[in-house]
Number of protein chains: 2
Amino acid sequence: MQSNFPRNVTQKLIESHLLQGEMIPGKEIGIHIDQALLQDATGTLVQLELEAMGIDQVKTEVAVQYVDHNLLQTDYKNADDHEFLRTAAARFGLWFSRPGNGVSHPVHMERFGIPGKTMVGSDSHTPAAGSLGMLAIGTGGLDVAAALAGKPYFVKMPLIMGVELKGKLPEWVSAKDVILEMLRRYDVKGGVGKIIEYYGEGLRHLSAMDRHVIANMGAELGATTTVFPSDEETRKFLRSQHREHDWIELKADPGCNYDLQEVIVLDDLVPLIAKPTSPGNVVPVSEVSGKSISQVVIGSSANPGLRDFWIAGAIVADKNIAPEVSFDINPTSRQIIQNMIKNRAFANLIKAGARFHQSGCMGCIGMGQAPASNTISLRTMPRNFPDRSGTKDDQVYLCSPETAAASALTGKITDPRKLESLYGMAYPQFKAAARDLIKDELLIKPAEDAKVALKKGPNIKSLPDFDAMTNKFNVPVLLKMGDNISTDEILKAGAEVLPYRSNIPAISKYAYTVIDETFYDRALQAKEQFGGHVVVAGDNYAQGSSREHAALAPKYLGQIAVLAKSYARIAWQNLVNFGIIPLEFTNPDDYERIEKGYMITAVNLREHIHNSSTFDIGLSDGKDLITISVKHSLSDRQIAILLKGGIINTYKEELTI
Amino acid sequence: MQSNFPRNVTQKLIESHLLQGEMIPGKEIGIHIDQALLQDATGTLVQLELEAMGIDQVKTEVAVQYVDHNLLQTDYKNADDHEFLRTAAARFGLWFSRPGNGVSHPVHMERFGIPGKTMVGSDSHTPAAGSLGMLAIGTGGLDVAAALAGKPYFVKMPLIMGVELKGKLPEWVSAKDVILEMLRRYDVKGGVGKIIEYYGEGLRHLSAMDRHVIANMGAELGATTTVFPSDEETRKFLRSQHREHDWIELKADPGCNYDLQEVIVLDDLVPLIAKPTSPGNVVPVSEVSGKSISQVVIGSSANPGLRDFWIAGAIVADKNIAPEVSFDINPTSRQIIQNMIKNRAFANLIKAGARFHQSGCMGCIGMGQAPASNTISLRTMPRNFPDRSGTKDDQVYLCSPETAAASALTGKITDPRKLESLYGMAYPQFKAAARDLIKDELLIKPAEDAKVALKKGPNIKSLPDFDAMTNKFNVPVLLKMGDNISTDEILKAGAEVLPYRSNIPAISKYAYTVIDETFYDRALQAKEQFGGHVVVAGDNYAQGSSREHAALAPKYLGQIAVLAKSYARIAWQNLVNFGIIPLEFTNPDDYERIEKGYMITAVNLREHIHNSSTFDIGLSDGKDLITISVKHSLSDRQIAILLKGGIINTYKEELTI
């Protein structure tokens, strides 16, 4: 790589934080992380991992534990989690954003985001901070824990796609329609392996919070992250947040290159809508207008800004929501509510018939306001995967606040441009205040000393200790699975299981239940009798969601190794991170020679793993003993982790030294 | 009874509505009902009962279907109920208060309550309307359905307790402390069989909404209802609601008598608090001050007024809630929120750290905001029975908004009078607006015609049809139970079961599961094989909660009769209402001669029930057949209902004629 070539914003961000590797697409790089974002649904496990690693104080410049997902408190579990997170934040030196302060992404942007910084977050919408000129990546809990411990973040250098924005959005069309246009063009996998960087003169008319809408929902493209420059709009936003001192300019160099190129002419956009059941299922609103609806929800991290609520309020002001519509408002943060009171958006919405909910993620993660059966729900949220709302076979459409508010009035999906003829309405013009109301005292600062005890309710258990890798085993094959087993089959999600995310002994009872309900009992017995077990699988083992519990729970139940034809990438890394050996068949035909209940034997295992990528193991059906050849494709770094029994043991050891 | 004696307010209300009987304590009276209040948790069944009765249009002057209990919508069921209730209200001619409009009792008082009127409501806090000089009684769903169908409401004439209020409340002491004082003196059974009527010069300083607090929580005394006069304060309230035209004066005649007498000197009261786990467990706040708390909740129908939120806002204005406290605000109605925005209460609370929730019952019925394990929650709500909050072994204290707000600031239970020394705070003085903001368009008027189809989601089933009473049976004894079996054992409540309240086939699966998990299967088998079953019990069968499902579900499963030593009063009526014969042993010793699995035979049953209060039935253990004598204590009216197969069949027949 040349040292003087003109850089785009992404390259500047990476280069200034590069600790290992080179910026060559596909090659692994390690970057320094300045900030970390945690939310409650994943954060409890991250905090337990910090505890298990023996971390004293986090090393990032800024780390914030938010509480925004599990706010309903239908029993003690969520409230107990909040207490745990409050004490854990104090213990390890994170900021704590109290329940009710708001959704992590907009609050972080408003109060903590700084152009030029890097961030990891244990939430897939972490890229929203790219709106301020940050490099912000959503990732698994252990990666966040590692960053908090001062470790680099490792990722394969993505391709950089430059999206040039030209012109200006027409009236009744807003930022949501820009990202919906990207989803219309690229669908939900079009961003995989890419960082999307927006540039061009069209940016002049997009506020920092408009950019948040676009960066946030870039996650739906599958992109690694989204990046915007830091310019006068960024400065204006930071000034409104009384933080102009945090502003720096960060722009692409003239003549810089992008790996891929795209252009959007803003003037040509129309109100768009994503039909059920994918954010990529985008059509013009006019194509589905007239359909009756039962619910409209405005809010979430995908339309979190004061403007978004204000414009909805301005549209419904002095009118009444259609009688058959539940008009649910999901205000993003306590700060936003204060400013909504000031600019009358709150009163306008309430008076027209809104139901206001506490600030948090709410229906966006199925935590309340599930729609009625066989009815259409219109939402400004980022996702409409099947059943995500909490209602089976739901019909969720995603759209802008303009489209949502217009439809709430009419009771039917309505192109907001029709409001001109229906109500004689001119497009309301939002005037941002130069300085918004701010009050930070409810964000609890990191404690000065770390003498705070972790407060754990009965459902919160410390992570179990795990031993270093064994040198030999003789254990039964508890399952023989086919190809493409997903993490949902290994450890399912849903309302029954999720509350146990901070209780590994309890959640382990659900391991593999989708495949075999007797697994838990058999695993405990094998652990007692033989010291553990192995499972056998076909190709692409553990595809799907990146949930760490799909490795952690089997590990807790004594899983020593998986023997598969091949692995999904993230799950393979998760197995290593939690100290389970991901073995592959040297000869895939040997898969046929193994049945459930056979015994597998390995000796000199540590030496084998360390010295060679191929070795023999013993296989017995109870009568005959044969040997088969197995292999692994671990890097030296991963071998070291595995020998120590996983990444927690590794960091614990490093930190003790 | 003399015609010219001086009447108290209660007597005037009853006399003006008396259709049957005399106002002699203990004698049954039948009174005309002007208004009806329904909430969603019980209202779905009432609406299904109207459907089953074949009602066309309700006959009361005003009937309102509120939606305030089940607002969280974690799946489709609650949202489906809301849709059903909206269409049912239109179908049968009730007002419909949309989800988010607010808690039934304060909204009804604000927008519908009229001095001098009578009301029944399918909610135990219906007596709150007594604050306006109404006679308002909470009762079972079928009684409400009957009133809606134009039938009288039957009740035994209660004793009338006159409570004279003298003087004026000190600063930092408010209406909640008055009713807590009553609970301190009389505990939770002290009001049973009584109507409590407040009078005296102390009333001058209690606003209509203050009286609501007292009348509402009179339910905790076990009182039939609470009554206040309609005076200048009532007029002022109705004027603030733009409804002065609905005001009439309604005062006790000079020299009137009360069956019982009590006096409260308001000047002597101090801030009071009910300790766990009973509203009757009242002590001065000072006795428990200093205890650490994790949660404060302000709102509910027991402190619903604008003043209650305003004073909390004034106390916390420009301060911060203690970091370890979740400060949950449960605004009563959309109208209250509008006025809270106007008088700055909303902004003061949000800014200090409040979490705002949609208008509804919320944590008062365990629908959200359950507290963390082993922590204290302070609430302005009416009840703190064990686990009602949703958290097992909870520690809920009940107090005034003043005490709650003071404690939220300090993080410990705090006597609000301490705020003077802690913060140099003077007692904030609330100035009621002459006219509050009002907007009624979101209360949906009864439909002009009744052509609306009922919209039933998959969990909403019409009531099953029931046959007229059989003339003979030969059926097995499916259960032999002991004394004091509660309705909780017959059909349990809780989060698992409640969502099925409008689905009799589904909820029937839980019948008697607490006693015998095989009951459901055995009952279906007995219905198939023998056409039904009986159960046998000891004394006081079906005590506790008045839930109708404890009769309806067994009926659905084929229960023909119960044979018990004795019955709890409400449950006995419920059995008759749903067509189950409540038989008693003529000789209680015969209880010992029956075992589970024995067969019971009756012939000429209709004739026996009609003509005689004692008759013989056959009893067989499979070998020998003996006869035992049974009896009943049914009135002629009840016999007629029973012969027709229950009250729904009775009304259906009357309405068809």
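Just so it is clear, the model here is predicted, and its values are computed rather than measured.

Some points on the packing of aromatic side chains
For any pair of aromatic rings, the description consists of the separation of the ring centres together with the inter-plane angle of the planes.
Part 1 of the reasoning: Tallied over the entire structure, the rule returns 21 aromatic pairs over all chains.
Part 2 of the reasoning: Among the aromatic residues, those joined into a cluster by ring pairs are F346(A), F356(A), F346(B) and F356(B).
Part 3 of the reasoning: Here K480(A) stacks its cationic end above the ring of Y591(A), 4.3 Å away from the centre of that ring.

A look at the pairing of strand β21 (residues 473-480) of chain B
Residues and elements named next belong to chain B.
Part 1 of the reasoning: With six of eight residues buried, β21 is to be regarded as a mostly interior element.
Part 2 of the reasoning: Pairing analysis gives four bridges linking β21 to strand β25 (residues 599-602), with the strands arranged antiparallel. Within β25, the residue paired with N474 across the bridge is T601.
Part 3 of the reasoning: As paired strands, β21 and strand β22 (residues 533-537) are joined by three bridges and run parallel to one another. Paired with L479 across the bridge in β22 is V535.

Comments concerning the packing of helix α6 (residues 175-186) of chain B against helix α7 (residues 208-216) of chain B
Residues and elements named next belong to chain B.
Part 1 of the reasoning: Axis separation between α6 and α7 bottoms out at 8 Å; the angle between their running directions is 25°. On the basis of their axis angle, the class for α6 and α7 is roughly parallel. Crossing of α6 over α7 shows right-handed handedness. From α6, A175, K176, V178 and I179 reach across to α7, where they touch D210, V213 and I214.
Part 2 of the reasoning: By residue class, the composition of the contact of α6 with α7 is five nonpolar, no polar and two charged.

Some thoughts on the sheet that holds strand β12 (residues 260-265) of chain A
Residues and elements named next belong to chain A.
Part 1 of the reasoning: Here four strands make up an open sheet; going across it, the order is β11-β10-β9-β12 and the pairing parallel. At either end of the open sheet lies a strand with only one pairing partner, and these are β11 (225-227) and β12. Strand-to-strand twist across the sheet, computed as the mean angle between neighbouring axes with direction ignored, equals 20°.
Part 2 of the reasoning: Packed onto the sheet, helix α6 (residues 175-186) meets β9 (159-166), β10 (194-199) and β12 and runs at close to 130° relative to β12.

Some details on helix α20 (residues 636-643) of chain A
Part 1 of the reasoning: Those residues of α20(A) that fall on the buried side of the exposure criterion are Q638(A), I639(A), I641(A), L642(A) and L643(A).
Part 2 of the reasoning: Positive backbone phi, at 95°, marks G645(A), one or two positions downstream of α20(A).

Description of the pairing of strand β23 (residues 559-564) of chain A
Part 1 of the reasoning: Burial runs high along β23(A): six of the six residues are buried.
Part 2 of the reasoning: Chirality of the crossover, the property in question, places the unit of β23(A), helix α18 (residues 569-577) of chain A and strand β24 (residues 581-585) of chain A among those that are right-handed.

Some words on the domain arrangement of chain A
All names here are of chain A.
Part 1 of the reasoning: Under the domain assignment used here, chain A contains domain 1 (9-268), domain 2 (272-421) and domain 3 (473-656).
Part 2 of the reasoning: Placing a centre on the C-alpha atoms of domain 1 and another on those of domain 3 gives a separation of 33 Å.
Part 3 of the reasoning: On the side of domain 3, 17 residues touch domain 1, which itself brings 18 residues to the contact.
Part 4 of the reasoning: Counting each side, the surface lost to burial between domain 1 and domain 3 is near 1600 Å², with a carbon and sulfur contribution of 60%.
Part 5 of the reasoning: For the domain 1 face of the interface with domain 3, the top three residues by lost area are L45, M53 and L142, together amounting to 34%.
Part 6 of the reasoning: Here domain 1 is connected to domain 3 by two salt bridges.
Part 7 of the reasoning: A salt bridge links E654 to K151; the nearest nitrogen and oxygen atoms lie 2.2 Å apart.
Part 8 of the reasoning: Mapped by element, the contributors of at least two residues to the side of domain 1 that touches domain 3 are α2 (40-53), α3 (76-92) and α5 (141-148).
Part 9 of the reasoning: In terms of residue count, α2 provides more of the side of domain 1 that touches domain 3 than any other element does, eight residues in total.
Part 10 of the reasoning: The residue makeup of the side of domain 1 that touches domain 3, split by class, is nine nonpolar, four polar and five charged.

Remarks on the state of the cysteines
Residue and element names in this part refer to chain B.
Part 1 of the reasoning: Per the counting criterion, the structure on display carries zero disulfides over all chains.
Part 2 of the reasoning: Unpaired in this structure, C364 has its nearest cysteine sulfur neighbour in C361, at a distance of 6.4 Å.
Part 3 of the reasoning: Judged by relative accessible area, which is 9%, C364 ranks as buried.

Considering the pattern of salt bridges
Part 1 of the reasoning: For the structure on display, the rule yields 72 salt bridges over all chains.
Part 2 of the reasoning: A salt bridge links E61(B) to K117(B); its shortest N-O distance comes to 2.9 Å. Here the residue E61(B) occupies a position in the loop between α2 (40-53) and β4 (62-66), and K117(B) occupies one in the loop between α4 (104-111) and β6 (118-121), the gap between them amounting to 56 residues.
Part 3 of the reasoning: The structure contains a network of salt bridges with shared partners spanning E181(A), R184(A), R185(A) and E262(A).

Quick notes on unusual backbone geometry
Part 1 of the reasoning: In this structure, T277(A) follows P276(A) across a cis peptide bond, with omega equal to 0°.
Part 2 of the reasoning: Relative to the helices and strands, T277(A) is located in the loop between β13 (272-274) and β14 (282-284).
Part 3 of the reasoning: Notably, D393(A) is not glycine yet its phi reads approximately 55°, a positive angle.
Part 4 of the reasoning: For D393(A), the position within the fold is in the loop between β18 (376-379) and β19 (395-398).
Part 5 of the reasoning: On the basis of relative accessible area, D393(A) is assigned to the exposed category, the value being 57%.
Part 6 of the reasoning: The backbone of N374(B) sits at a positive phi, close to 55°, despite the residue not being glycine.
Part 7 of the reasoning: Considering the arrangement of structural elements, one finds N374(B) in the loop between β17 (354-356) and β18 (376-379).
Part 8 of the reasoning: We classify N374(B) as exposed; its relative accessible area is 64%.

Let's talk about the interface of chain B and chain A
Part 1 of the reasoning: Opposite the 52 residues of chain B that make contact, chain A presents 52 residues.
Part 2 of the reasoning: Together, the buried faces of chain B and chain A total about 4100 Å²; carbon and sulfur atoms form 53% of this surface.
Part 3 of the reasoning: Run the count over chain B and chain A and you get zero salt bridges.
Part 4 of the reasoning: On the surface where chain B and chain A come into contact, there are 34 residue pairs in polar contact (both at pLDDT 80 or more).
Part 5 of the reasoning: Those elements that place two or more of their residues in the side of chain B that touches chain A are α3 (76-92), α10 (334-342), α11 (345-352) and β17 of chain B.

What counts, and where the lines are drawn
- Residues numbered from 1 in each chain as written.
- Chains lettered and ligands numbered in written order.
- Predicted model: local features only at pLDDT ≥ 70, side-chain atom pairs only at ≥ 80, totals over all residues.
- Heavy atoms only, no water.
- Phe/Tyr/Trp six-rings, centres within 6.5 Å; stacked < 30°, edge-to-face > 60°.
- Lys NZ or Arg CZ within 6 Å of the ring centre and 35° of its normal.
- Buried < 20%, exposed > 50% of the residue type's maximum accessible area, 1.4 Å probe, protein only.
- Helix = DSSP H or I, 4+ residues; strand = E, 2+ residues; numbered from the N terminus.
- Pairing = 2+ DSSP bridges.
- Axes fitted to C-alpha atoms, helices over the stretch in contact; angles between N-to-C directions.
- Parallel < 35°, antiparallel > 145°, perpendicular 65-115°, else oblique.
- Left-handed = near helix turned anticlockwise from the far one by under 90°.
- Contact = heavy atoms within 4.5 Å.
- Nonpolar A, V, L, I, M, F, W, Y, C, P; charged D, E, K, R; others polar.
- Right-handed = clockwise from strand over helix to strand, strands pointing away.
- Domains from an automatic or database assignment.
- Buried area = accessible area lost by both parts, 1.4 Å probe.
- Salt bridge = Lys/Arg side-chain N within 4 Å of Asp/Glu carboxyl O.
- Disulfide = S-S within 2.5 Å.
- Polar contact = N/O pair within 3.5 Å; in protein donor to acceptor, adjacent residues only side chain to side chain.

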